[in-house]
Amino acid sequence: MSDDAAIRRSLSEEIGYWLESAARTLEKRYGNGVPLAKQDALLAHYLYGLTAVVHAGDEPAVHLAAVQSYLERLIPKERVAAALRAVPEEGDSWLENTLDRVEAIGEKQGHALLARGADVIPFSSRHASAAGSAEPVVIERDPPQEALSQ
């Protein structure tokens, strides 16, 4: 997809695109090697980071509802609910570290989308303070791969 086509997408569509990309990356990277529940938690953390910038000024419940809505486009509601409540088991340092890395990648991507997407159709909840903190960065086509390949 050309950059021109990406610019014409709304911020919501762009987030959906990156979420689908993250889901494909998780499936490709882990397949049956990592339980689906852990993959769902990784996807939820990535999405939380991705949308955190956009929902910086919103109540946590509004941000959580947005995350839930996006996830329900890709996975069944019961898996979404479990992913949003999931916490790593004690001693599962791989999951703890990977959740942190994936969320950080999502947040970096969120800043990039907001900075680049100033002229696209934003969420109605976007605030100037969040836009002001965004740093322009080049958007990589597969951001979750960075954390998942380590």
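Notes on the structure follow.

Analysis parameters
- Residues numbered from 1 in each chain as written.
- Predicted model: local features only at pLDDT ≥ 70, side-chain atom pairs only at ≥ 80, totals over all residues.
- Heavy atoms only, no water.
- Helix = DSSP H or I, 4+ residues; strand = E, 2+ residues; numbered from the N terminus.
- Buried < 20%, exposed > 50% of the residue type's maximum accessible area, 1.4 Å probe, protein only.
- Contact = heavy atoms within 4.5 Å.
- Core = buried A, V, L, I, M, F, W, Y, C linked by side-chain atoms within 4.5 Å.
- Salt bridge = Lys/Arg side-chain N within 4 Å of Asp/Glu carboxyl O.
- Polar contact = N/O pair within 3.5 Å; in protein donor to acceptor, adjacent residues only side chain to side chain.
- Expected span 1.5 Å × (residues − 1).
- Arc of directions from axis to C-beta.

What follows covers the overall build of the protein. The secondary structure content of the protein amounts to eight helices and zero strands. Order of helices (α) and strands (β) in the protein, N terminus to C terminus: α-α-α-α-α-α-α-α. A burial count over the protein gives 42% of its 150 residues as buried. By sequence separation, contacts in the protein at least 24 residues apart represent 74% of the contacts at least 6 residues apart.

Formed by 29 residues in total, the largest nonpolar core has its most connected members in Ile15, Leu42, Tyr46, Leu47, Leu50 and Leu71. Elements with a contribution of two residues or more to this core: helix H2 (11-30), helix H3 (36-52), helix H4 (60-72), helix H5 (77-85) and helix H6 (93-116). Not counting residues within four places of it along the chain, the set of residues in contact with Leu42 comprises Leu26, Tyr30, Trp94, Leu95, Thr98, Leu99 and Val102.

Tallying each qualifying case throughout the model produces two salt bridges. With a shortest N-O distance of 2.8 Å, Arg79 and Asp40 are connected by a salt bridge. Placement of Arg79 in helix H5 and of Asp40 in helix H3 is noted, with a sequence separation of 39 residues between them.

If you trace the backbone, Thr51 turns up in helix H3. The class of Thr51 is buried, set by a relative accessible area of 0%. In this structure the side chain of Thr51 is engaged in a polar contact, spanning 2.9 Å, whose partner is the backbone oxygen of Leu47. Of the polar contacts made by the side chain of Thr51, one reaches the backbone oxygen of Tyr48; its length is 3.3 Å. Among residues more than four places away in sequence, those in contact with Thr51 are Ile15, His63 and Val67.

A few words on the side chain of Gln39. Position of Gln39 relative to the elements: it lies in helix H3. Given the relative accessible area of 6%, Gln39 is considered buried. A polar contact of 2.9 Å, which involves the side chain of Gln39, links it to the backbone oxygen of Val34. With residues up to four places along the chain from it excluded, the contact list for Gln39 reads Leu26, Glu27, Tyr30, Gly31 and Val34.

End to end, H4 covers 18 Å across 13 residues, agreeing with the expected 18 Å (1.5 Å per residue, within 8%). When H4 is considered as a whole, its buried residues turn out to be His63, Ala66, Val67, Tyr70 and Leu71. When H4 is viewed along its axis, its buried side chains cluster within an angular range of 130° and face the same direction. Looking at the buried residues of H4, the elements they touch are H2, H3 and H5.

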